[in-house]
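Understanding the architecture of this molecule
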Amino acid sequence: MARSSHLTRREGGRYYLQIRLKAFSGASSSRLVRYSLGTSDYRTARRALADDLTRLVPLQNATNLAERREAVMAQLRMFRLDAPSEIMDKLERRRAYEHVVRRLIDEMPALDRDPIFNELWMNFCERNLSAERSLKRTDDVSEAYEAGRASAWRAARDRRFAALTPHPPTPETSPFATEPDIHASSAETAWSLVPTLSTTSEQTPSPTPTAPIELPVASSGGGHLMGDYFERFLDDERKRHGDDRARSETGPIVAFMLDLLGNKRPAAYSHEEFRTLNLEIPNIPTRKNIPNAIGRSLHARYLHALNNPLTPLEKATKTTIRNNYHSGLNRFFGWLHANGLMTIKPALNMVTQQNRASLPRDSFDDDEVLAILRLPLFTGCHSHERIWTEGKYLIQGSLYWTYLILLLTGMRPGEVGPLALDDIGEADGLAYLDLRPFDARKGRVTLAEMRDLKTGASARIVPLHPLLIELGLLDHRDHMRKLGKTRLLPDLEPYQKPDGRMRWSQAITKSWQYLKNQKKIVTRQDVTLYSTRHMMADMIDQLRLPQRTRDRVLGHSHAANAAGNYGRKGLLSTSELREITGIETPLIEAMRGILMLAKERADRGELVLIRPERPPARRKKAQDVS
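Report on the accompanying structure.

**A closer look at unusual backbone geometry**
Phi at Asn-289 is positive, roughly 65°, even though this residue is not glycine. Here Asn-289 is to be found in the loop between helix 8 (271–280) and helix 9 (298–307). According to the relative accessible area criterion, Asn-289 is partly exposed, its value standing at 47%. The phi dihedral of Lys-520 is positive, around 55°, even though this residue is not glycine. Mapped onto the elements, Lys-520 comes out in the loop between helix 17 (506–518) and helix 18 (531–543).

Listed below in structure tokens is the structure:
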């Protein structure tokens, strides 16, 4: 709150703001900031004081230079959002803040080497200077107008131009016709007072005012605004992919751009605005420590960070910025260019030192894998609903097989759920999974009938390790076929995303998060479900197989040229299948000891073997019977 001690006044003069800021360098422990509020009216001074203190109190509360720097940067970003008309209204307050920051810069020498600060600071100062020049031009015009009006009066008085009848400039000839005439009423009054000097008795008709030209206003459904074109872009993407994935992939960052820069015609955006967008994208925080009331909007999170510079918030990783934010906007901008709707090509490349580095994934340690396999899901659990509690049931359902397939094949989590019974094939007594998009030997199919794969290289043959066969995977397949099922794991229910796509990895991901965060089975932050792929890559590397074979098993792209597309289309030779399915390591032997013990107990009747054929019933929420 503004206190009276912050407001001083010289006798009969203007009011001054004064506030003490802690000094982090030099002999003095604090420094007094004092400047004029530019008014001698008490109420006006109080309003200016309250406005300025909202920006100065964060500087006063900072406990170190880093916090003060963040407070300054946050306020400069807020000022950057001001429209030109707002800058004119806030110019006095902006100049006051510029005065304060200039005095603080000497305390923060690191700012000279900070490109983000330099960009924000130069933009802030240049816009202030531009506004000052505009005001000066307005003052000059006003002075010229007043001088011209006085000359007209003198001319009329002296009767020097008796044959002429003066007329005010028309909107067509006025050099300031496009700007609001702040002297319109006084000008009309002045011209009405000038006497008619014509020698004839006829009155010269006053000029008819020209009607203002109305520009067509873009409506929300007229397709003129950037937001309207974004909906057209989504329509095209929906036709191309058959779902609304483009909205979930590009919608949040496009909405951020529209909130930050405004929803205008594509041609109305300037290079400066796109430069602002490029600089502000790295300042979007993650959802960590963001109140639920803020919601999922990127712009709302961004404003929350600006308004709370001292709140510990995490900024997005370099990978998120480039692969999600920059990539999403570039897709939309590319569509605009392709349709001739925008000529500027925004450069989106800014990542700051405050953004977090992406966490590289590591392979599982042997102890971590064995700790997972010693859990009741693999040794005997209580029920389908309580798979992590010990019991007498061996439930070979979707979670059981997904964990084991990931560990022993290196497949992606989302590739296991949609497996069909016919995807399991056999060649020379060796079993494999066929992940090709369709069987080319049977001819062409429509795009809608093809398997949805992450990349083109994901189409491949995946060898099945003999341990999976020993645990009964083929028996499980045959059992489901007898029941009339077509999917290998019919008890797995996919999650349908808002954009219409199916997320098959939802159940295994939630299960893994429970093991990692609640059961604390794995404590390392660089271990994820994808670590199973790293583990399989390590096993293949020990066989010293060709890189092309390794890439085919894991579904990685190997060659960037045409030569890499020749040869068997994703197939492995019999010798390669035999080598990979024959992988035996001390870890696999230990896994076999744990898993086969439970399987043998089920074969002896000590555990009840269950192969679920449908998803478990969902628990109904308790209803209010009042």
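More follows now that the structure is in view.
**Quick notes on the nonpolar core**
In this structure, Leu-373, Phe-378, Tyr-403 and Met-591 are the most contacted members of the largest nonpolar core, which totals 61 residues. When residues in this core are grouped by element, the largest group, nine residues, is from helix 13 (residues 398–409). Excluding its chain neighbours within four sequence positions, the residues that come into contact with Phe-378 are Ile-372, Leu-373, Leu-394, Tyr-400, Tyr-403, Leu-404, Leu-595 and Ala-598. Among the nonpolar cores identified, the runner-up in size contains 34 residues, and Leu-21, Ala-45, Val-100 and Met-108 belong to it.

**Structural notes on the sheet that holds strand 3 (residues 30–36)**
Where strands meet in a sheet, backbone hydrogen bonds hold them as pairs that are either parallel or antiparallel. Taken in spatial order, the three strands make up an open sheet running 1-2-3, and their pairing is antiparallel. A strand with exactly one partner marks an edge of an open sheet, and here the two such strands are strand 1 (7–9) and strand 3. Within the sheet, the average angular offset between the axes of one strand and its neighbour, ignoring direction, is 35°. Of the strand pairs in this sheet, strand 1 and strand 2 (residues 15–22) are connected by three bridges, and their pairing is antiparallel. Its bridge partner lying in strand 2, Arg-9 is registered against Tyr-15.

**As for the packing of aromatic side chains**
Taken as a whole and judged by the stated rule, the model has 20 aromatic pairs. Ring plane angle 35° and centroid distance 5.9 Å describe the contact between Trp-121 and Phe-124, whose orientation is recorded as tilted. Of this pair, Trp-121 and Phe-124 both sit in helix 4 (residues 115–158), three residues apart, which is roughly one turn of that helix. An identical accessibility class is assigned to Trp-121 and Phe-124; each is buried. Here Phe-230 and Phe-233 contribute two aromatic rings whose centre-to-centre distance is 5.9 Å and whose plane-to-plane angle is 25°, an arrangement assigned as stacked. Linking Phe-230 with Phe-233, this pair stays in helix 6 (residues 226–241), spanning three residues, or about one helical turn. We note that Phe-230, like Phe-233, is buried. The structure contains a cluster of three or more aromatic residues connected by ring pairs, namely Phe-230, Phe-233, Tyr-269, Phe-274, Phe-332, Phe-333 and Trp-335. Over the face of the ring belonging to Tyr-16 we find Arg-34, whose NZ or CZ atom lies 4.4 Å from the ring centre.

**Topic: the pattern of salt bridges**
Here the structure, examined in full by the defined rule, presents 35 salt bridges. With a closest N to O distance of 3.3 Å, Arg-55 and Asp-51 form a salt bridge. Of the two residues, Arg-55 and Asp-51 both sit in helix 1 (residues 42–61), four residues apart, roughly one turn of that helix. Since its relative accessible area comes to 30%, Asp-51 is described here as partly exposed. Linking Arg-592 and Glu-589 is a salt bridge whose minimum nitrogen-to-oxygen distance equals 3.0 Å. Remark: Glu-589 and Arg-592 occur in helix 21 (residues 586–603); sequence separation between them is three residues, near one turn of the helix. Residues joined in a network through salt bridges with shared partners are Glu-231, Asp-235, Arg-238, Asp-244 and Arg-247.

**Here's the deal with the sheet that holds strand 6 (residues 430–434)**
Here we have three strands laid out as an open sheet, ordered 5-6-7, and antiparallel in their pairing. Among the strands making up the open sheet, the edge pair consists of strand 5 (424–427) and strand 7 (461–463). Strand-to-strand twist in this sheet, taken as the mean axis angle between neighbours without regard to direction, amounts to 40°. Examined bridge by bridge, strand 6 and strand 7 share three bridges and lie antiparallel to one another. Paired with Asp-434 across the bridge in strand 7 is Ile-461.

**Section: the side chain of Arg-80**
By secondary structure assignment, the location of Arg-80 is in helix 2 (residues 65–80). Of note is the side chain of Arg-80, whose polar atom sits 3.0 Å from the side chain of Thr-276. Apart from residues lying up to four places away in sequence, Arg-80 is in contact with Glu-119, Leu-120, Asn-123, Arg-127, Glu-272, Arg-275, Thr-276, Leu-279 and Glu-280.

**A look at the packing of helix 6 against helix 10 (residues 318–338)**
Contact geometry for helix 6 and helix 10: axes closest at 10 Å, N-to-C directions at 95°. Of the possible angle classes, the one that applies to helix 6 and helix 10 is roughly perpendicular. Packed against helix 6, whose contacting residues are Met-226, Tyr-229, Phe-230, Arg-232, Phe-233, Asp-236 and Glu-237, the element helix 10 presents Arg-331, Phe-332, Trp-335 and Leu-336 at the interface. Considered class by class, the residues forming the contact of helix 6 with helix 10 number seven nonpolar, no polar and four charged.

**Brief notes about the packing of helix 13 against helix 17**
Where helix 13 meets helix 17, the axes come as close as 11 Å, and the angle between the chain directions of the two elements is 80°. Classified by the angle their axes make, helix 13 and helix 17 are roughly perpendicular. Side by side, helix 13 and helix 17 meet where Leu-399, Thr-402, Tyr-403 and Leu-406 of the first sit next to Ala-507, Ile-508, Ser-511, Trp-512 and Leu-515 of the second. Grouping the amino acids of the contact of helix 13 with helix 17 by side-chain chemistry returns seven nonpolar, two polar and no charged.

Reading the values: rules and limits
- Residues numbered from 1 in each chain as written.
- Predicted model: local features only at pLDDT ≥ 70, side-chain atom pairs only at ≥ 80, totals over all residues.
- Heavy atoms only, no water.
- Helix = DSSP H or I, 4+ residues; strand = E, 2+ residues; numbered from the N terminus.
- Buried < 20%, exposed > 50% of the residue type's maximum accessible area, 1.4 Å probe, protein only.
- Core = buried A, V, L, I, M, F, W, Y, C linked by side-chain atoms within 4.5 Å.
- Contact = heavy atoms within 4.5 Å.
- Pairing = 2+ DSSP bridges.
- Axes fitted to C-alpha atoms, helices over the stretch in contact; angles between N-to-C directions.
- Phe/Tyr/Trp six-rings, centres within 6.5 Å; stacked < 30°, edge-to-face > 60°.
- Lys NZ or Arg CZ within 6 Å of the ring centre and 35° of its normal.
- Salt bridge = Lys/Arg side-chain N within 4 Å of Asp/Glu carboxyl O.
- Polar contact = N/O pair within 3.5 Å; in protein donor to acceptor, adjacent residues only side chain to side chain.
- Parallel < 35°, antiparallel > 145°, perpendicular 65-115°, else oblique.
- Nonpolar A, V, L, I, M, F, W, Y, C, P; charged D, E, K, R; others polar.

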